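# Geometric and topological summary
Listed below are the residues making up each chain.
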Amino acid sequence: MKQATNTIVMIRPVKFRMNEQTAVNNYYQENKSIVDANTKAQQEFDAFVGILKGVGVNVLVIDDDPKNDTPDSIFPNNWISFHENGDVGLYPMFAVNRRRERRPEILDYIESLGFEIKNIIDYTAAEADEVFLEGTGSLVLDRSNKKAYCALSPRANEELLIEFCEDFEYTPVIFTAYQTFNGDRLPIYHTNVMMGVGETFVIVCLDCIDDKKERKNLVSHLKNDGKEVITITEQQVDSFAGNVLQVVGSQEKRYLVMSSSAYNSLTKDQIAKIERHCELLHSDLTTIETLGGGSARCMMAEVFLPEK
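Given the structure is predicted, the values throughout are model-derived calculations rather than measurements.

This next bit is on the overall build of the protein. In terms of helices and strands, the protein carries nine helices and 17 strands. Computed over C-alpha atoms, the radius of gyration of the protein comes to 18 Å, within 12% of the 19 Å expected from 2.2 N^0.38 for 308 residues, which places it in the range of a compact globule. Seen through its C-alpha atoms, the protein measures out along the principal axes to roughly 45 × 45 × 45 Å. The contacts in the protein between residues at least 6 apart in sequence include a share of 75% that link residues at least 24 apart. Within the structure as shown, the protein displays about 12,200 Å² of accessible surface, and the carbon and sulfur contribution to it stands at 46%. For the protein, the distance from the average position of its 32 positive side-chain charges to the average position of its 47 negative side-chain charges is 4 Å.

Structure below.
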């Protein structure tokens, strides 16, 4: 199974703003007044797409639908995942206004490009029971080793995680990751904020995992699978240094994609460690990070589907 892909889906925003419904447990969002926030987010989005396309990543850009009023549509990886066997996962979302991001025509469009969808595994009925698992935000997948890393939170339910692992034949690796907010240790809303798994390495903030047994278990899984563990600090997590994704460019070249704030938070030593595995790519996503509380990885839904 491939861990990195050349094809990603990105949704261009039309009504980007701070989503008050997600701010209740996404402590990375800042309630700042940014003039022309949607225009700035679109500019950041377009520049980011340009950087990805510039190295040969196949970016499928789909415009958001303004009638849905979906301020977080720029983060599609939370509601959908695409898999090598032709399966697609659809996920239950915590915020009611994010549920409108799931648009059937997006699947139709991807099929029209020659990708094959064999089976849709739909977990969205869990929303009726206030149970959530927000795609590859909640699940950091090691696709090659069939492991699903998951930090439990109000948006990542353990029972639903187990169900996902049974359906997709993954081994769950479960822990809780915390951040300090107003002096309290609170669960981080998405796993992919504090860790990203590449083919031969992982970026992770072990300091977010307060339970020593959980931390030890996580490290042991990563090392047993031959990953170099590159650690980041909680301050770097605040700069979205954990919200990263490895992608494949032209001529099979590998890149680790992140925001400029993430890149600028890294030490020379950390950059050197990452560059032993692949090249770094970064783009300025300040508006998107500030109001959206998500970063580069959240904006990319990877496509691993077979081609017809």
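Continuing now.
With that out of the way, let us pick up the sheet that holds strand β12 (residues 201-204). Reading across from one edge, β11-β12-β13 is the order of the three strands in this open sheet, with mixed pairing throughout. The open sheet is flanked by β11 (195-197) and β13 (228-231), the only strands paired with a single partner. Adjacent strand axes in the sheet meet at a mean angle of 15°, parallel and antiparallel pairs treated alike. One ladder, built from four bridges, connects β12 with β13; its direction is parallel. Paired with V204 across the two strands is T231, which belongs to β13.

The strand order β3-β4-β5 describes an open sheet built from three strands, whose pairing is mixed. Each edge of the open sheet carries a strand with a single partner, namely β3 (80-82) and β5 (119-122). Within this sheet the neighbouring strands show an average axis-to-axis angle of 20°, counted without direction. Relative to β5, strand β4 (residues 87-90) runs parallel, the two sharing four bridges. Each bridged residue has a counterpart across the sheet, and for L90 the counterpart in β5 is D122.

Moving on, we come to the state of the cysteines. Tallying each qualifying case throughout the model produces zero disulfides. There is no disulfide at C205, and the cysteine sulfur nearest it, in C208, is 3.3 Å away.

With that settled, the discussion passes to the pattern of salt bridges. Scanning all chains against the criterion turns up 19 salt bridges. E199 serves as the salt-bridge partner of R254, at 3.0 Å between the closest nitrogen and oxygen. Remark: E199 occurs in the loop between β11 and β12 and R254 occurs in strand β15 (residues 254-259); sequence separation between them is 55 residues. Judged by its relative accessible area of 22%, R254 is partly exposed. A salt bridge links E279 to K253, with the shortest nitrogen-to-oxygen separation between them at 2.5 Å. With E279 in strand β16 (residues 279-283) and K253 in the loop between β14 (245-248) and β15, this residue pair connects regions lying 26 residues apart in the sequence. Of the residues examined, E279 reaches a relative accessible area of 35% and is grouped as partly exposed. Through salt bridges with shared partners, a single ionic network connects D64, R103 and E105.

Another point: the packing of aromatic side chains. Under the counting rule described, the total for this entry stands at five aromatic pairs. With 6.4 Å between their ring centres and 45° between their planes, Y91 and F164 make a pair best called tilted. Taken together, the positions of Y91 in the loop between β4 and α2 (104-112) and F164 in helix α4 (residues 158-168) put the pair 73 residues apart, joining distant regions of the chain. Residue Y91 shares its accessibility class with F164, and that shared class is buried. Residues F94 and F132 carry aromatic rings whose centres are separated by 5.5 Å and whose planes lie at 80° to one another, so their mutual orientation is edge-to-face. One end of the pair, F94, is in the loop between β4 and α2; the other, F132, is in the loop between β5 and α3 (135-138), with 38 residues separating them in the sequence. Classification of F132 by relative accessible area gives buried; the value is 3%. Members of the aromatic cluster, joined through ring pairs, are Y91, Y123, F164, F168 and Y170.

Definitions and cut-offs
- Counting restarts for each chain: residues are numbered from 1 in the order of the written sequence.
- Thresholds applied to this predicted model are a pLDDT of at least 70 for local features of residues and 80 or more for the giving and counting of side-chain atom pairs; totals over whole chains, interfaces and linings are not thresholded and use all residues.
- Hydrogens and water molecules were not included; the side-chain quantities draw on all heavy atoms of the structure.
- By definition, any uninterrupted DSSP run of H or I lasting at least four residues is a helix, any uninterrupted run of E lasting at least two residues is a strand, and each is numbered from the N terminus.
- Within these notes, the globule rule equals 2.2 Å times the number of residues to the 0.38 power, and the radius of gyration is based on C-alpha atoms.
- The contact definition used throughout considers only heavy atoms, calling two residues in contact when any of these lie within 4.5 Å.
- In short, Shrake-Rupley with a 1.4 Å probe defines the accessible areas, and a residue's cover is counted only from the protein chains shown.
- Positive charges are assigned to Lys and Arg, negative charges to Asp and Glu, while His and the chain termini are left out of the count.
- To locate a charge, take NZ of a lysine, CZ of an arginine, CG of an aspartate or CD of a glutamate.
- Only strands that DSSP links by at least two bridges are regarded as paired with each other.
- A fitted line through C-alpha atoms represents every axis, and for helices the fit uses only the stretch in contact; the resulting angles, taken between N-to-C directions, go from 0 to 180 degrees.
- Cysteine sulfur pairs qualify as disulfides if the two atoms are within 2.5 Å.
- The salt bridge definition used is simple: a Lys or Arg side-chain nitrogen within 4 Å of an Asp or Glu carboxyl oxygen.
- Note on classification: 1.4 Å probe, protein chains only; a residue is buried when its accessible area is under 20% of the maximum for its type, exposed when over 50%, partly exposed between these limits.
- Planes of paired rings set the category: under 30 degrees apart is stacked, over 60 is edge-to-face and the rest tilted, where pairs are Phe, Tyr or Trp rings (Trp by its six-membered ring) whose centres lie within 6.5 Å.

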